[in-house]
Amino acid sequence: MLPHEADVRRWLVRHTRGAPGIDPDDIIQESYARLLKADLGKIGSARGYFFTVARNLVAETLRRSRTVTIELMADIDALNVVDNEPDSERRLNARQEVERLQKSLAGMPKRCRQAFELRKFEELSQREIAERMGISQSTVEKHLAKALLLLAQDMRPGESGSHAELRRDDEPEARDQRD
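Note that the structure is a prediction, hence the values are computed from the model and not measured. (Residues numbered from 1 in each chain as written. Predicted model: local features only at pLDDT ≥ 70, side-chain atom pairs only at ≥ 80, totals over all residues. Heavy atoms only, no water.)

A word on helix α8 (residues 137–155)
No. 1: Over its 19 residues, α8 runs 27 Å from end to end, which matches the ideal 27 Å to within 8%, given 1.5 Å per residue.
No. 2: Of the residues making up α8, those classed as buried are Thr139, Val140, His143, Leu144, Lys146, Ala147, Leu150, Leu151, Gln153 and Asp154. (Helix = DSSP H or I, 4+ residues; strand = E, 2+ residues; numbered from the N terminus. Expected span 1.5 Å × (residues − 1). Buried < 20%, exposed > 50% of the residue type's maximum accessible area, 1.4 Å probe, protein only.)

Here it is in C-alpha cells:
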C-alpha cells in the first residue's frame with residue numbers, strides 16, 4: 001500500500017479541494033486503519049483497493065457534512081481506478097462456463113471422459129494413459145479426439161449440450177475389435 005500513498009494523496013488533494021470536513025491526511029490515516037482490518041489475502045489489486053477505501057471515506061465524510069457540491073460528487077464518482085478484479089458479470093460468466101464444462105464432462109462416455117481427465121487434469125502422456133487404462137495408444141487418441149469434439153460442441157455458444165449422435169458408438173475399443 002505504501003507505494004500508492006502518494007497517488008492517493010494527489011488524488012485527494014486535487015478532487016476534494018474546498019470540500020467541507022475533508023482533510024487528505026485524515027483520509028489517508030483512516031484508510032490505513034481500515035486496510036489493517038482487511039483480509040489482505042483476498043485483495044487482488046492493492047492500488048485499486050487503496051483508492052476505493054479512500055474514495056468511500058470521502059463519500060462518507062461528504063454525506064455526513066450534508067453540504068456537497070454536485071461537481072465534487074461527480075469528481076468522486078468519476079474516479080476510474082483500474083481494478084484487476086473481475087466484475088460480478090465476468091465472474092458469473094466464468095462460473096456458467098465451468099458449469100457447462102462440468103455438465104459436458106459428466107455426459108461423456110465413461111472411458112472417453114477418463115482418458116480426457118487423465119490427459120488434461122493429471123497431465124499424463126498418451127502412453128501413460130494407455131498403460132493405466134489397459135488400452136492401446138491409438139484407442140487413447142480416439143477417446144481424446146472424441147472428448148475434444150464433444151466439448152467443442154457443448155461449449156459452442158447457443159448449444160444445448162446434446163451430442164447423442166456421437167455417443168452411439170460409445171467405446172472406440174469396441175469398434176477396434178469389430179474392425
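Anyway, onward from the coordinates.
A few points about unusual backbone geometry
Only a minority of non-glycine residues have a phi that is not negative, and only a minority of peptide bonds are not trans.
No. 1: Of note, Glu123 is a non-glycine position whose phi angle comes to about 55 degrees, a positive value.
No. 2: Within the secondary structure, Glu123 sits in the loop between α6 (110–120) and α7 (126–133).
No. 3: A relative accessible area of 65% places Glu123 in the exposed class.

Comments concerning α6
No. 1: Taken residue by residue, α6 has Cys112, Ala115, Phe116 and Leu118 as its buried positions. Along the axis of α6, the buried residues cluster in a sector spanning 165 degrees; they form a single face. (Arc of directions from axis to C-beta.)

Describing the nonpolar core
No. 1: In this structure, Met108, Phe116, Ile129, Met133 and Val140 are the most contacted members of the largest nonpolar core, which totals 16 residues.
No. 2: Ranked by the residues each element gives to this core, the list is headed by α8, at five residues.
No. 3: With 15 residues, the next largest nonpolar core counts Val8, Ala19, Leu35 and Phe51 among its residues. (Core = buried A, V, L, I, M, F, W, Y, C linked by side-chain atoms within 4.5 Å.)

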